[in-house]
Amino acid sequence: YLDFERGLVGETWWASAILEGAMDEQGMVCDFGTVKKVLRTWLDNELDHRLLVPRFAPGITIQENQDSIYLFWSTAVGNIEMTAPTQAVTLIDSAYIDSDSVAQWSIQQLHHHFPDTIDQLTLDFIAENIKGEFYHYSHGLKKHNGNCQRIAHGHRSRIQIWLNGDRSEDEESYWANLWQDIYIGSREDLTNQNDHSMTFKYRAQQGDFTLSVPTKKCYMMETDTTVEFIASHLASAIKNRYPDASVTVRAFEGVNKGAMASI
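Here is a short report on the structure shown in this document. The model shown is predicted, which means the values in this text are computed figures rather than measured ones. Residues take numbers from 1 onward in each chain, read along the sequence in its written order. Local features in this predicted model are restricted to residues of pLDDT 70 or higher, and side-chain atom pairs are both shown and tallied only at a pLDDT of 80 or more, whereas totals for entire chains, interfaces and linings draw on every residue. Excluding hydrogens and water, the side-chain values take into account all heavy atoms of the structure.

With respect to the overall build of the protein
Quick reminder of the rule: Helical segments are the DSSP runs of H or I of at least four residues, strand segments are the runs of E of at least two, and each set is numbered from the N terminus. We call a residue buried when its accessible area falls under 20% of the maximum for its residue type, exposed when it is over 50%, and partly exposed in between, using a 1.4 Å probe and counting protein chains only. Only heavy atoms enter the contact rule, under which two residues are in contact if any of them lie within 4.5 Å. Note that accessible areas follow from Shrake-Rupley with a 1.4 Å probe, and for residues the cover is restricted to the protein chains shown. This count recognises Lys and Arg as positive and Asp and Glu as negative, with His and chain-terminal groups excluded. The atoms used to mark charge sites are NZ of Lys, CZ of Arg, CG of Asp and CD of Glu.
Looking only at helices and strands, one finds four helices and 19 strands in the protein. Dimensions along the principal axes, computed over C-alpha positions, put the protein at roughly 70 × 45 × 30 Å. Here the protein holds 263 residues, and the buried ones make up 49% of them. Restricting the contact set of the protein to residue pairs at least 6 apart, pairs at least 24 apart contribute 64%. As presented, the protein carries roughly 13,500 Å² of accessible surface, and 46% of it is formed by carbon and sulfur atoms. The averaged location of the 36 negative side-chain charges in the protein is 6 Å from the averaged location of its 22 positive side-chain charges.

Set out below in structure tokens:
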């Protein structure tokens with residue numbers, strides 16, 4: 001999502017829903033299987049792997065065309081500019097993005113998707129309780145057949161590092177700080193770079209994507225930025241820092257999934 005203070009933020013939330021209402025002729029407020037499918041499908045289509053944008057944020061520019069959307073915002077960390085297919089963005093009717101504002105907007109959108117027996121929907125987005133270090137990163141995977149191809153989607157992810165078989169909290173902290181609200185870009189997608197910004201551009205199955213983000217918020221990789229490549233990259237970078245040590249990295253992507261690499 002876009003945040004004025006932090007810029008482009010990769011995030012991971014659990015969704016928790018409470019439905020209140022009268023019981024139907026089956027003695028149920030609703031069929032859990034049906035409701036779960038409706039809710040999950042809506043979240044997957046409308047929020048997951050999309051850039052969430054605060055429509056009413058002061059100073060933000062949003063231009064919508066039939067099939068694409070253009071965004072520009074001068075944030076506290078620098079300018080962010082993006083052109084993408086409309087399906088890669090969700091405009092939230094709020095001046096800012098957080099779990100509460102997204103939940104309230106989602107409830108309004110979901111209201112007509114549920115049966116008449118439902119009087120009230122409560123929806124909460126909750127961050128994973130991570131014991132240890134983590135980082136927020138955004139990226140785009142142009143070769144992906146699904147929605148990961150969108151140039152600005154992201155994750156809040158754990159990182160675990162072992163040096164010579166022992167967990168290294170210092171090294172985990174180093175990378176968590178280095179990758180705080182970072183955009184991880186692929187070298188082959190970089191089209192322009194200066195002291196202030198870096199611009200990435202590619203064509204994927206869903207359309208053309210362009211993203212310009214502050215240089216200080218970018219981290220470059222020579223490969224694509226799948227979590228498998230991220231784990232391998234981290235292992236190599238840490239090996240350079242500790243050439244005499246054996247290195248194992250477990251890099252997560254969201255909740256309970258990720259990749260391992262050892263050198």
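After that view, the rundown keeps rolling.
Focus on helix α3 (residues 169-178)
Owing to its 3.6 residues per turn, the α-helix brings residues three or four apart onto one side. Test applied: What the arc covers is the set of directions going from the helix axis to the C-beta atoms.
Taken together, the buried positions of α3 are Glu171, Glu172, Trp175 and Ala176. For α3, the buried positions fall inside an angular range of 135 degrees around the axis, keeping them on one side. Of the residues in α3, the exposed ones pointing more than 90 degrees away from the buried face are Glu169, Asp170 and Asn177. In the core, the buried residues of α3 are packed alongside β10 (134-139), β11 (153-163), β12 (166-167), β17 (218-221) and α4 (227-241).

Section: unusual backbone geometry
Phi at His49 is positive, roughly 60 degrees, even though this residue is not glycine. Mapped onto the elements, His49 comes out in the loop between α1 (32-46) and β4 (51-54). Of note, the phi angle at Asn164 is positive, near 55 degrees, even though the residue is not glycine. Residue placement: Asn164 occurs in the loop between β11 and β12. The exposed category is assigned to Asn164, whose relative accessible area is 52%.

Points about the packing of aromatic side chains
Quick reminder of the rule: Side-chain rings of Phe, Tyr and Trp, where Trp is taken by its six-membered ring, are said to pair if the distance between their centres is within 6.5 Å; with planes under 30 degrees apart they count as stacked, over 60 as edge-to-face, and otherwise as tilted.
As enumerated under the stated definition, the model contains twelve aromatic pairs in all. Aromatic pair Tyr135 and Tyr137: ring centres 5.6 Å apart, planes at 45 degrees, arrangement tilted. Ring plane angle 45 degrees and centroid distance 5.3 Å describe the contact between Tyr183 and Phe200, whose orientation is recorded as tilted. With Tyr183 in strand β13 (residues 182-186) and Phe200 in strand β15 (residues 197-204), the pair connects residues that are 17 residues apart, well separated along the chain. The same class applies to Tyr183 and to Phe200, which are both buried. Each residue in the set Tyr135, Tyr137, Tyr174, Trp175, Trp179 and Tyr219 is aromatic and connected to the rest through ring pairs, giving one cluster.

Topic: the pattern of salt bridges
Which entries qualify depends on this criterion: Within this document, salt bridges are pairs made up of a side-chain nitrogen of Lys or Arg and a carboxyl oxygen of Asp or Glu, the two lying within 4 Å of each other.
Across all of its chains, the model carries 13 salt bridges by this definition. Arg158 serves as the salt-bridge partner of Glu128, at 3.7 Å between the closest nitrogen and oxygen. Of this pair, Glu128 sits in the loop between β9 (118-127) and β10 while Arg158 sits in strand β11; the two residues are 30 residues apart in sequence, bridging distant segments of the chain. One exposure class covers both Glu128 and Arg158, and it is buried. Among the salt bridges present, the one from Glu188 reaches Lys142, with a minimum N-O distance of 2.6 Å. Of this pair, Glu188 sits in the loop between β13 and β14 (190-193) while Lys142 sits in the loop between β10 and β11, and the two are 46 residues apart along the sequence. A relative accessible area of 55% places Glu188 in the exposed class. Residue classification places Lys142 among the buried positions, given a relative accessible area of 17%. What emerges from the salt-bridge pattern is a single network uniting Lys142, Lys143, Glu188, Asp189 and Asp224.

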